[in-house]
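# Chain and residue survey
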2 protein chains.
Amino acid sequence: MTSTAELSHIGLRLFLERGFEATTVDDIAAAAGIGRRTFFRYFPSKNDLAWGDFDALVASMREHLAATPAELPMIAALRVAIVEFNRFPVEEIEYHRQRMRLILNAPALVGHSALRYQSWRTAIAEFVAARAGGTPDDLLPSTVGSVMLGLALGAYAYWLAHPETELVTAIETAFDELGAAFGDA
Amino acid sequence: MTSTAELSHIGLRLFLERGFEATTVDDIAAAAGIGRRTFFRYFPSKNDLAWGDFDALVASMREHLAATPAELPMIAALRVAIVEFNRFPVEEIEYHRQRMRLILNAPALVGHSALRYQSWRTAIAEFVAARAGGTPDDLLPSTVGSVMLGLALGAYAYWLAHPETELVTAIETAFDELGAAFGDA
DNA sequence: ACCTAATCTGGCATCGAGTGCCAATATGCG
DNA sequence: CGCATATTGGCACTCGATGCCAGATTAGGT
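A brief look at the structure comes next. (Residues numbered from 1 in each chain as written. Chains lettered and ligands numbered in written order. Predicted model: local features only at pLDDT ≥ 70, side-chain atom pairs only at ≥ 80, totals over all residues. Heavy atoms only, no water.)

## Details of the protein's contact with DNA strand C
The immediate surroundings of DNA strand C are formed by 16 residues, with T38 and R41 of chain A together with R36, R37 and K46 of chain B found nearest. Here, DNA strand C places atoms within 4 Å of the protein, and 40% of those atoms are sugar or phosphate. A distance of 3.2 Å separates a phosphate oxygen of DNA strand C from a polar atom in the backbone of G35 of chain A. Y42 of chain A is positioned with one of its side-chain polar atoms (N or O) 3.3 Å from a phosphate oxygen of DNA strand C. Within the residue set of the surface near DNA strand C, elements represented by two or more residues are helix 3 (36–42) of chain A together with helix 3 (36–42) of chain B. Residues belonging to the surface near DNA strand C are distributed by class as follows: 5 nonpolar, 5 polar and 6 charged. (Near = heavy atom within 4 Å. Polar contact = N/O pair within 3.5 Å; in protein donor to acceptor, adjacent residues only side chain to side chain. Helix = DSSP H or I, 4+ residues; strand = E, 2+ residues; numbered from the N terminus. Nonpolar A, V, L, I, M, F, W, Y, C, P; charged D, E, K, R; others polar.)

Structure, rendered in structure tokens:
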């Protein structure tokens, strides 16, 4: 009767109340009224609880990128796609912020994020490979994939530290400033 | 009697022979002739075994950056520092490659790398903050820190997949291609 | 409603990483 | 040599994660 979404909310609430480390899987299972063993059927790990269905978002970013007109320069295309990927309805923003604060601060989750972001980077790399001709293993695709992730994470760090700003604005500004910095290198 | 370097070599050898997951801390301790408990006094975790004294390298990169002439544009300064950070004596290159292949492929180590690279990113962010005026928490410093890490990781991925190339060349090329891509955005 | 097959559940045992505690051992120094 | 100080490693424990299996639940056909 418990859904993954429900379980995720229960877990997230406990993480925010007591901290990620201090919350055990037993705590979460007990709070949800399920067995510990069952928890691991809903989520492959305690770490994954904090990630909604990220994979669905990555899939939609893939589609967005695939539908991008070829005239748009590569970086400009990525800029639009990444901004859209990170645009959330107003009512979800606060929730998203808390979730991301957890993911980007709790050490175990920071580590886990490197694994979860792999699919995101691959989506970018495949787009770049398709654009530039070649494979996602080539230098430019793999570098742009990692670099775009870096850009997004930099913007997130800023957004989390400065609650008055907007995430999409931070991302746009990061693109501008980075373009300028590379411009006069 | 056992030094950290010695222990690190023993562990790395086992990781390469049997794989990271398949090697337990007990195996490593036994191979080194020490107790399991003692292992954890030399290294805080099994994951850290694969990282030499990365912190010393980061410290020297910090010094290099601090000594950079102010006339050199920021990205150019970072380029030199990152290339030098990743320049190793010929006889160490093969060892370094194996170590990095492990770190960037074994899932547990990929995750752990996100934690270890934090100090590297901070070093970059602090340099950028000093250059641009402001704090490392500002948007440009934190973004450039993450982006430079992304660039380096992209170059590493390429280098690991293409053994015939040189790491420093891959990094230089990554800077060139990224500059060009941002140029016509 | 009823029975059967497929699925879901959760208890139990086990593994492996990591940590606190403490007694035994080794080491440095006067 | 003898004392103070590290270093060592055994033991017990916590917690995440996984295999196994029996019991419960659900779906579907009659």
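## Observations regarding helix 9 (residues 139–161) of chain A
The end-to-end C-alpha separation of helix 9 of chain A is 33 Å, in line with the 33 Å expected for 23 residues at 1.5 Å each. Of all 23 residues making up helix 9 of chain A, 20 are buried, and the element is well covered by its neighbours. (Expected span 1.5 Å × (residues − 1). Buried < 20%, exposed > 50% of the residue type's maximum accessible area, 1.4 Å probe, protein only.)

## Some thoughts on the protein's contact with DNA strand D
Among the 16 residues in the neighbourhood of DNA strand D, the closest are listed as R36, R37 and K46 of chain A together with T38 and R41 of chain B. Considering DNA strand D, the proportion of its atoms within 4 Å of the protein that are sugar or phosphate atoms stands at 39%. At 2.7 Å, a side-chain N or O of T38 of chain B approaches a phosphate oxygen of DNA strand D. Between DNA strand D and Y42 of chain B, the relevant distance is 3.1 Å, taken from a phosphate oxygen to a side-chain nitrogen or oxygen of the residue. When residues of the surface near DNA strand D are traced back to their parent elements, those giving at least two are helix 3 of chain A together with helix 3 of chain B. For the surface near DNA strand D, the class distribution of residues is 5 nonpolar, 5 polar and 6 charged.

Interpretation note: all reported values are geometric properties and have no functional meaning in isolation.
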